[in-house]
Amino acid sequence: IYAKLYRLYGGYDDALNRIVIGLQNISMGVGHIWTPTNLFNPKNSYALEPDETYGIAALSYTRYIGDKSQLHIVASQRRDKSYKYALEYKLSYKETDIALSAIKSESTKMLGYSIEGDLADTGIEWRSEGAYIKSLINTIGVSGEMSQNEEEFFQGILGADYGFVNGVNLTIEALYSSKLFTYSEV
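Residues numbered from 1 in each chain as written. Predicted model: local features only at pLDDT ≥ 70, side-chain atom pairs only at ≥ 80, totals over all residues. Heavy atoms only, no water.

K.L.:
Explain the pattern of salt bridges here, please?
P.N.:
When their charged atoms lie close together, side chains carrying opposite charge are able to pair. In the structure shown here, the tally under the stated rule is three salt bridges. The shortest N-O distance in the salt bridge between R18 and D13 comes to 3.8 Å. For D13, a relative accessible area of 46% gives the class partly exposed. The closest approach of N and O atoms between R127 and E173, which form a salt bridge, is 2.9 Å. Of this pair, R127 sits in strand β8 (residues 124-140) while E173 sits in strand β10 (residues 169-177), placing them 46 residues apart in sequence. A single burial state applies to R127 and to E173, both of which are buried. Each of the salt bridges in this network shares a partner with another, and the network as a whole consists of R127, D161 and E173. (Salt bridge = Lys/Arg side-chain N within 4 Å of Asp/Glu carboxyl O. Buried < 20%, exposed > 50% of the residue type's maximum accessible area, 1.4 Å probe, protein only. Helix = DSSP H or I, 4+ residues; strand = E, 2+ residues; numbered from the N terminus.)

What follows is the structure, encoded as structure tokens:
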């Protein structure tokens with residue numbers, strides 16, 4: 001018999017504040033297939049159910065600043081007992097949502113952006129997301145010894161979707177990465 005706890009969280013929400021603690025999904029970025037800025041619950045685009053992500057133990061706080069912007073702060077504890085922190089500021093301008101984000105942990109630093117909006121009132125939703133990441137990556141040498149190398153790279157997406165009247169959606173998304181990763185590194 002096998003069971004896994006997927007989500008378990010509680011919190012408080014009012015007109016200006018939202019605080020959540022527990023096993024939760026931290027969603028960052030606007031990508032539907034790839035999410036370079038989401039280092040908490042990244043989507044696995046090769047999985048059968050890419051939207052199903054495992055929860056993380058976290059405390060998240062959102063401060064709503066007016067009707068069109070919010071500040072989101074996250075602290076999570078990883079399985080190795082280290083911590084990961086995030087800060088994200090989102091705002092809406094006309095028909096476009098814009099976010100700037102930063103993530104920091106012992107082994108990773110990330111600065112990112114995401115933009116999403118309606119393309120000239122056509123019903124086509126366009127989006128872009130990018131992340132500059134500086135990370136310590138574990139590598140295994142020829143003799144089998146483990147070492148850490150610092151890597152700097154950029155990943156970004158550009159995508160769009162269109163929803164047809166009969167319920168069919170067309171999604172197109174392109175991923176750019178300045179570094180290619182092996183299967184074991186991913």
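Past the structure itself, the notes keep going.
K.L.:
Looking at this structure, I do not really get the sheet that holds β10. What am I missing?
P.N.:
Strands pair in a sheet through their backbones, by hydrogen bonds, and they do so in one of two ways: parallel or antiparallel. The ten strands lie next to each other as β1-β2-β3-β4-β5-β6-β7-β8-β9-β10, forming an open sheet whose pairing is antiparallel. Strands with a single pairing partner mark the edges of an open sheet, and in this sheet they are β1 (8-13) and β10. Neighbour to neighbour, the strand axes of the sheet diverge by 15° on average, direction disregarded. Bridge count between β1 and strand β2 (residues 17-24): six bridges; the pairing is antiparallel. Within β2, the residue paired with G10 across the bridge is I21. (Pairing = 2+ DSSP bridges. Axes fitted to C-alpha atoms, helices over the stretch in contact; angles between N-to-C directions.)

K.L.:
Looking at this structure, I do not really get the nonpolar core. What am I missing?
P.N.:
Core analysis: the largest hydrophobic core is formed by twelve residues, namely I26, M28, F40, I56, A58, V74, A86, I103, M110, A131, I133 and F153. Of all the elements in the fold, those that place two or more residues in this core are β3 (56-65) and β8. Not counting residues within four places of it along the chain, the set of residues in contact with A58 comprises V20, I21, G22, Q24, I26, V74, A75 and S76. (Core = buried A, V, L, I, M, F, W, Y, C linked by side-chain atoms within 4.5 Å. Contact = heavy atoms within 4.5 Å.)

K.L.:
Mind showing me how you'd approach the environment of T62 here?
P.N.:
Inspection of the secondary structure assignment puts T62 in strand β3. The spatial distance from the C-alpha of T62 to the C-alpha of A99 is 14 Å, given a sequence separation of 37 residues. Apart from residues lying up to four places away in sequence, T62 is in contact with L16, N17, R18, Q70, L71 and H72.

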